[in-house]
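Residue-level structural notes
Below are the chains, spelled out letter by letter.
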Amino acid sequence: MQTIFDTPLWLARKQRALAAPVSGADFLMKRAAEDLADRLAAVERSFNKGAALFCQTCDGARVLAESHKVAESVRVEADTAFLLGGEEGTELVATPETVPFEPESLDLAVSLLSMQAMNDIPGFIVQVRRALRPDGLFLGAMAGAGTLNELRESLLAAETELHGGISPRVSPFVDVRDAGALLQRAGLALPVADIETVTVRYDNLFALMADLRAMGETSVLADRSRRPGTRRLFTRTAEIYAERFSDPDGRIRASFAIVWLSGWAPDPSQQKPLKPGSAKMSLAKALENPGKS
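From a predicted model like this one, the values you see are computed outputs, not experimental measurements.

Time to look at helix α1 (residues 7-19). For α1, which comprises 13 residues, the first-to-last C-alpha distance of 18 Å matches the rise-based estimate of 18 Å (1.5 Å per residue) to within 8%. Residues T7, L9, W10, L11, R13, K14 and A17 constitute the buried set of α1. Where the residues of α1 are buried, they touch α7 (205-215).

The buried fraction of strand β4 (residues 106-112) is high, at seven of seven residues. The sheet contact formed by β4 and strand β5 (residues 132-143) spans six bridges and is parallel. Note that in β5 the partner of V110 across the bridge is L139. Handedness of the β4-helix α4 (residues 121-131)-β5 crossover: right-handed.

Approximately 150 Å³ is the volume attributed to the second largest pocket. Every residue lining the second largest pocket is listed: I4, F5, Q116, M118, N119, D120, I121, P122, P172, F173 and V174. Residue composition of the lining of the second largest pocket, by class: eight nonpolar, two polar and one charged.

Right, let's get into the packing of aromatic side chains. Applying the stated rule across the entire model yields three aromatic pairs. Centroid distance F27 to F256: 5.9 Å. Interplanar angle 80°. Geometry classified as edge-to-face. One end of the pair, F27, is in helix α2 (residues 27-41); the other, F256, is in strand β7 (residues 252-264), with 229 residues separating them in the sequence.

Another point: α2. Helix length check: α2 (15 residues) gives 21 Å between terminal C-alpha atoms against 21 Å at 1.5 Å per residue, within 8%. Listing the buried residues of α2 in full gives L28, M29, A32, A33, D35, L36 and L40. In a view along the axis of α2, the buried residues occupy a sector of 165°, so they form one face of it. Exposed residues on α2 whose side chains face more than 90 degrees from its buried face are E34, D38 and A41.

Mapped onto the elements, G216 comes out in the loop between α7 and α8 (231-245). With 207 residues separating them in the primary sequence, G216 and L9 have C-alpha atoms 9.9 Å apart. Not counting residues up to four positions away in its chain, the partners in contact with G216 are R13, K14 and A17.

A separate point is empty space enclosed by the protein. If you walk through the whole model with that rule in mind, you get one cavity of 30 Å³ or more. The computed volume of the largest cavity comes to approximately 90 Å³. Residue lining of the largest cavity: T7, W10, F54, P96, E97, S114, A117 and M118, and that is the complete set. By residue class, the composition of the lining of the largest cavity is five nonpolar, two polar and one charged.

With that out of the way, let us pick up the environment of E153. With respect to the helices and strands, the residue E153 is situated in helix α5 (residues 149-163). Its relative accessible area of 36% is what places E153 among the partly exposed residues. Remark: the alpha-carbon pair of E153 and V170, spanning 17 residues in sequence, is separated by 9.7 Å. Among all residues touching E153, those that are not within four sequence positions of it are R244 and F245.

Below, the discussion takes up the packing of α4 against helix α6 (residues 176-185). Between α4 and α6, the shortest axis-to-axis distance is 9 Å and the interhelical angle comes to 45°. Taken together, the axes of α4 and α6 lie oblique to each other. Crossing of α4 against α6: the hand is right-handed. Counting all contacts with α4, which are made through I121, P122 and I125, the residues of α6 involved are L182, L183 and R185. For the contact of α4 with α6, the per-class residue count stands at five nonpolar, no polar and one charged.

Here the focus is the nonpolar core. Counting 42 residues, the largest nonpolar core has L108, L112, L151, L208, Y241 and F256 as the members making the most contacts within it. In this structure L108 touches L40, F47, K49, G50, A51, L64, V70, L132 and L137, once residues within four positions along its chain are discounted. With 38 residues, the next largest nonpolar core counts V74, F82, A109 and A131 among its residues.

Turning next to the side chain of D107. Summarising the element assignment, D107 is placed in strand β4. Separated by 2.6 Å, the side chains of D107 and R133 make a polar contact.

The rules behind the values
- Residues numbered from 1 in each chain as written.
- Predicted model: local features only at pLDDT ≥ 70, side-chain atom pairs only at ≥ 80, totals over all residues.
- Heavy atoms only, no water.
- Helix = DSSP H or I, 4+ residues; strand = E, 2+ residues; numbered from the N terminus.
- Expected span 1.5 Å × (residues − 1).
- Buried < 20%, exposed > 50% of the residue type's maximum accessible area, 1.4 Å probe, protein only.
- Contact = heavy atoms within 4.5 Å.
- Pairing = 2+ DSSP bridges.
- Right-handed = clockwise from strand over helix to strand, strands pointing away.
- 1 Å grid on protein atoms, 1.4 Å probe; cavity = no way out; pocket = protein on both sides within 12 Å on 5 of 7 lines; lining within 4 Å.
- Points joined across faces, edges and corners; volume = space filled by probe spheres on them.
- Nonpolar A, V, L, I, M, F, W, Y, C, P; charged D, E, K, R; others polar.
- Phe/Tyr/Trp six-rings, centres within 6.5 Å; stacked < 30°, edge-to-face > 60°.
- Arc of directions from axis to C-beta.
- Axes fitted to C-alpha atoms, helices over the stretch in contact; angles between N-to-C directions.
- Parallel < 35°, antiparallel > 145°, perpendicular 65-115°, else oblique.
- Left-handed = near helix turned anticlockwise from the far one by under 90°.
- Core = buried A, V, L, I, M, F, W, Y, C linked by side-chain atoms within 4.5 Å.
- Polar contact = N/O pair within 3.5 Å; in protein donor to acceptor, adjacent residues only side chain to side chain.

Here it is in structure tokens:
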């Protein structure tokens, strides 16, 4: 397996951000938690045991508790530092990208905004699938393709102009179509992947970068450039960003694309697509008689 992300560095930056919280910098996590609550509310069933996997804050576990649909919940994090401030259910510390549960022991698993930094997303989802009981549900959110596109383009343009080449500075993100394929590959039934883009406005590039640091979401690419970015590079990047992605009032736009994944552990009770050739009426005949069924 290719190592794309430096996991120890990701943990260190998340811990640093947690130790010095900045008011309002958790807006993406709060948005994801609200979306999770809405998606869980739309599910017309309850769950005996649920787990919040590597959500980095108590938000995921809190949504499970406040839904009143989960009898027992377990919160799993990569470090004890992430468990501070939460009182929802049992708490576990586990190695990143692992699902520390016996096969068919969970009815619900959720994960918020950590999968984008995993080196083996398919393997993680397969582990989730194994941990789910038949007809168990997985709901996950991660940053997807389109996230920080404006920053990526501006950095590439500035670095090419100043240095004649580029260095990887913004993480790659999964496309929503590929995300749906990951669910199918893991063996989950009724797979659904959708995307929601959140556009945030900032005074300038440096305000955006401050927010990314406060989130612990600066680059952790394993093959990132070890040459520190210079003031000249970031000044030119800020100029290009403002030229290409600013509104009439001078503020710049930053896109955050959140990909949502939903899938169920297979169970005989679930709806299944009809077999080819099993329809009782041909499409041509149905079109000839639109008022009849």
